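Structural characterization, general
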Amino acid sequence: MGKTIQAPSILKQALTVNKKPFPWLKAFLAGIAAGLPIFIGLLFGSLEYGLIAGLGGFTYLYVFPIPYALLAKKLFWAVIGITSSVFLGTILAPYPIIVAIVMGLIGAIAVFIFGAFRFIGPSAIFFVLIFAMCTGMSVAPDEAFLRAGLAFLGGALSWFMAMSGYLVNPHGPEKRVVKRSLVELADYLDAIGTASENEIHNRVMATLKEAGQTLAEGYNAWRTSELFKRLYSVNHYANKIFLIAAEQLAGNGKKVPKQLGESLRNIAQQLDNKQVSEITLTQPDELDEVSSLIGAELIHIKESLLRPSSLSKEQLQFSTPTTKRILLGAFDKNSIILINALRFGMFTTFAAIIAYEFDLNRSFWVPLSCVAVLSGATVVATFHRAIQRSLGTIFGILLASVILAFHPQGLLIALLVFLLTFITELFIVKNYGLAALFFTPSALIMAEAGSTLDNSVYYFASTRLIDVLIGVSIGLLGVWLVGRTSASSRLPHFISKTIRSQAQVMFVLFSNQPIYQNYGKNIEFNKMDTNLKNLVTLYDTATGEIPKDEEALQYYWPIVHSLEELGFLLDKCARLRERPSFNDEQLAQLLLLFETMANAVERKTKSQYKAIPEMKEYPAIYSTLEELQRHLVKN
């Protein structure tokens, strides 16, 4: 199979500025979170304490548009992580080798947790940054608790700022994703019977999965609001409409009346209103049987928005695996998440040891540059980061040198940190290199404030530049030597593992096994969910390898997609109160089919065709199984 390396393409992609809109509000609040603690410190007559509290303000950089129930927990642990980093950095500062080892451990743990829970955000970089900056402060282990307490207060301020949005729009993230899923579903209904049907089918399935996951993340067992129940109901009926369309209409060339899609869009627009008083459903003059079923679900959605919900807590079912299950799933010896975490920790430690052994001035900038490079999600992303980090940091150091040459003091430092953090958050969505251009001087100002500039502006700039180049080189070396093609080589193992877990789910579904109301008790479903998530992460990582095996990726993509779709359908099937049961012969036939496919993938051989048991009630599951087997038989 052919492998390709496209260096010019990598450089071009690294320098590309995307068209995402500027996050003005988040950028402003991030600037406030970083600058306000410094200003408060000045009011109390201590710039040093203000700067330490400002480190806690980095908590706000972990704020993303996720449900507030999850955001509160995520930011709480971010505050604890930052506080612990300050404490450890202060108390371990006199011991360089221990500092290097702990720096690697902090990075590895953060990367593993962010990967396992699929948290979006800057992962380990700010925990390592804060730990490293504290080791570069004046050595004072006896101030460890004081510094940690100040960082905690800065982090708590960021937590309250982030959570203040709950008072205005408590379910804003959930509303946005449910609204988007309705619009995508409307587009899908319009596309049925056209050339774009398959493309939009995949898109709406992904959006409905995202909506379900977002609602699960926003669920609060202690207090379930009326709005949340309504959103849950809307998402439930939207899934039913998708299944009806996918099972009864997909692929047969028959079109859906345009009025049904228009009705869905009308409902989506109403979700923005605080109080829904009226919803217009446009109905065609004549409806066939399938369109009537979709119309009936639209009426259910309308009623769920106009009337108080009758859902009890017991009726709110979410497929959320336990924390233990998530961590154990990511701790598999073949898990790309574990491999990335180990590589991250190992080379961060190596970079720190190199810096300390050569007694480089402010040596923590070497591992920090290494960390920035290693934070790329894939090998290609890592090279992008290396290019962006190098260019952004070079110009950032020049900017910082000019600023520090004027020896800013007091209020000006607070204003500079606010402004530079604000600009950083504006440009981080555009290009990491542009963000590094402004983040670098912000971090340097916080690290160097209160100390005199090293010898001269030229010495300062050249020293930092050397640090960055050494760190970037070590990061690239780590990616190239460890795990460069580890994702693609593990795809067969994870595909076969996922197929076998889906076989177990099929057995449970169609052999009268109990499906617990508390979804977390269903071990088979938890395994399937974990394996699917690991497989998708692995495939996404493989697409960014250098060199990239294009033929293998093209072969595995439809298989991975079919497994995703099958997992989605099985999950929805589990929510039904009544399901047909298979006899022993049909179950044996089904299990043989799955094991034959799993063995073929594992051994990288052509699969043998096996008959699929008849599934009149679930044509979508049958056709997906047929498609999956077809991809494996033609190998």
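Residues numbered from 1 in each chain as written. Predicted model: local features only at pLDDT ≥ 70, side-chain atom pairs only at ≥ 80, totals over all residues. Heavy atoms only, no water.

With that settled, the discussion passes to the overall build of the protein chain. Helix and strand content of the protein chain: 25 helices and 2 strands. Taking all 635 residues of the protein chain together, 54% fall into the buried category. In the protein chain, 80% of the contacts between residues at least 6 apart in sequence involve partners at least 24 apart. (Helix = DSSP H or I, 4+ residues; strand = E, 2+ residues; numbered from the N terminus. Buried < 20%, exposed > 50% of the residue type's maximum accessible area, 1.4 Å probe, protein only. Contact = heavy atoms within 4.5 Å.)

Attention now goes to the side chain of Lys430. Counting through the fold element by element, Lys430 comes out in the loop between helix H18 (410–427) and helix H19 (432–448). A polar contact is formed between the side chain of Lys430 and the backbone oxygen of Lys20, at a distance of 2.4 Å. If we ignore the near neighbours within four places in the chain, the residues touching Lys430 are Thr16, Val17, Asn18, Lys19, Lys20, Pro21 and Phe22. (Polar contact = N/O pair within 3.5 Å; in protein donor to acceptor, adjacent residues only side chain to side chain.)

All right, on to the nonpolar core then. Membership of the largest hydrophobic core comes to 182 residues, with the highest contact counts inside it found for Phe58, Phe242, Ile621 and Leu625. Among the elements that make up this core, the one with the highest residue count is helix H23 (residues 550–574) (12 residues). What Ile621 contacts, discounting residues up to four positions off in sequence, is Met506, Leu566, Leu569, Leu570, Cys573 and Met615. (Core = buried A, V, L, I, M, F, W, Y, C linked by side-chain atoms within 4.5 Å.)

On to the packing of helix H9 (residues 172–191) against helix H11 (residues 226–248). Interaxial distance between H9 and H11 falls to 10 Å at its minimum, and their mutual angle equals 20°. In terms of their interaxial angle, H9 and H11 are classed as roughly parallel. As for how H9 packs across H11, the hand of that crossing is left-handed. Contact residues: Glu174, Lys175, Val178, Leu182, Leu185, Tyr188 and Leu189 in H9; Leu227, Phe228, Leu231, Val234, Ala238, Ile241, Phe242, Ala245 and Ala246 in H11. Classifying every residue of the contact of H9 with H11 by side-chain character gives 14 nonpolar, no polar and 2 charged. (Axes fitted to C-alpha atoms, helices over the stretch in contact; angles between N-to-C directions. Parallel < 35°, antiparallel > 145°, perpendicular 65-115°, else oblique. Left-handed = near helix turned anticlockwise from the far one by under 90°. Nonpolar A, V, L, I, M, F, W, Y, C, P; charged D, E, K, R; others polar.)

The next subject is unusual backbone geometry. Positive phi, normally seen in glycine, also occurs at Arg118, with a value near 55°. Residue placement: Arg118 occurs in the loop between helix H5 (96–117) and helix H6 (125–135). Note on Arg118: relative accessible area 33%, which makes it partly exposed. With a phi angle near 55°, Ser123 is a residue other than glycine that sits in the positive phi range. Following the sequence through the fold, Ser123 ends up in the loop between H5 and H6.

Of note, Val139 is situated in the loop between H6 and helix H7 (144–163). The exposed category is assigned to Val139, whose relative accessible area is 54%. For Val139 and Ile91, which are 48 residues apart along the polypeptide, the C-alpha to C-alpha distance reads 8.3 Å. Each residue touching Val139, except ones within four places of it in the same chain, is listed here: Ala93 and Pro94.

Attention now moves to helix H10 (residues 197–218). The terminal C-alpha atoms of H10 lie 31 Å apart, and with 22 residues this matches the ideal 32 Å at 1.5 Å per residue to within 8%. Of all the residues in H10, the buried ones are Glu197, Ile200, His201, Val204, Met205, Thr207, Leu208, Ala211, Thr214, Leu215, Ala216 and Gly218. Tucked into the core, H10 has its buried residues touching helix H4 (68–92), H9, H11 and H23. (Expected span 1.5 Å × (residues − 1).)

Turning our attention to the pattern of salt bridges. For the structure on display, the rule yields 13 salt bridges. The shortest N-O distance in the salt bridge between Asp529 and Lys533 comes to 3.3 Å. Taken together, the residues span about one helical turn, with Asp529 and Lys533 both in helix H22 (residues 523–542) at a distance of 4 residues. The partly exposed category is assigned to Asp529, whose relative accessible area is 22%. Assessed through its relative accessible area of 25%, Lys533 is described here as partly exposed. Taken together, the shared-partner salt bridges connect Asp187, Asp190 and Arg265 into one network. (Salt bridge = Lys/Arg side-chain N within 4 Å of Asp/Glu carboxyl O.)

Another point: the packing of aromatic side chains. For any pair of aromatic rings, geometry is given as the distance between the ring centres together with the angle between the planes. In the structure shown here, the tally under the stated rule is 27 aromatic pairs. On the basis of an interplanar angle of 80° and a centroid distance of 5.8 Å, the ring pair of Tyr68 and Tyr166 is categorised as edge-to-face. Residue Tyr68 is found in helix H4, and its partner Tyr166 is found in helix H8 (residues 165–168); the two are separated by 98 residues along the sequence. With a centroid separation of 6.0 Å and an interplanar angle of 40°, the aromatic rings of Tyr539 and Trp557 are classed as tilted. Of this pair, Tyr539 sits in helix H22 while Trp557 sits in helix H23, and the two are 18 residues apart along the sequence. Owing to a relative accessible area of 40%, Trp557 belongs among the partly exposed residues under this scheme. Among the aromatic residues, those joined into a cluster by ring pairs are Phe58, Tyr62, Phe114, Phe117, Phe119, Phe126, Phe127 and Phe439. (Phe/Tyr/Trp six-rings, centres within 6.5 Å; stacked < 30°, edge-to-face > 60°.)

Side chains of Leu36, Phe39, Ile40, Leu43, Phe44, Leu411, Leu412 and Leu415 sit close together on the surface and give an oily, nonpolar patch of about 790 Å² of accessible area. Mapped onto the nonpolar patch, the elements with two or more residues apiece are helix H2 (24–43) and H18. A per-element tally of the nonpolar patch places H2 first, with 4 residues. Relative to the helices and strands, Leu36 resides in helix H2. (Patch = residues over 30% accessible without salt bridge, like charges linked within 9 Å, V, L, I, M, F, W, Y side chains within 5 Å. Areas by Shrake-Rupley, 256 points an atom, 1.4 Å probe, with all protein chains shown as cover.)

On to the confidence of the model for the protein chain, then. Per-residue pLDDT for the protein chain has a mean of 84; in total, 88% of the residues score no lower than 70. Summarising per-element confidence for the protein chain, the mean pLDDT is lowest in strand E1 (residues 3–4) (48) and highest in H7 (96). (pLDDT = per-residue confidence, 0-100.)

Turning to the packing of H9 against helix H12 (residues 258–270), a few remarks are in order. For the pair H9 and H12, interaxial distance at closest approach is 8 Å and the crossing angle is 170°. Considered as vectors, H9 and H12 are oriented roughly antiparallel to each other. Counted together, Lys179, Leu182, Val183, Leu185, Ala186, Asp187, Leu189 and Asp190 of H9 and Lys258, Leu260, Gly261, Leu264, Arg265, Ile267, Ala268 and Gln269 of H12 form the full contact between these two elements. Partitioning the contact of H9 with H12 into residue classes produces 9 nonpolar, 2 polar and 5 charged.

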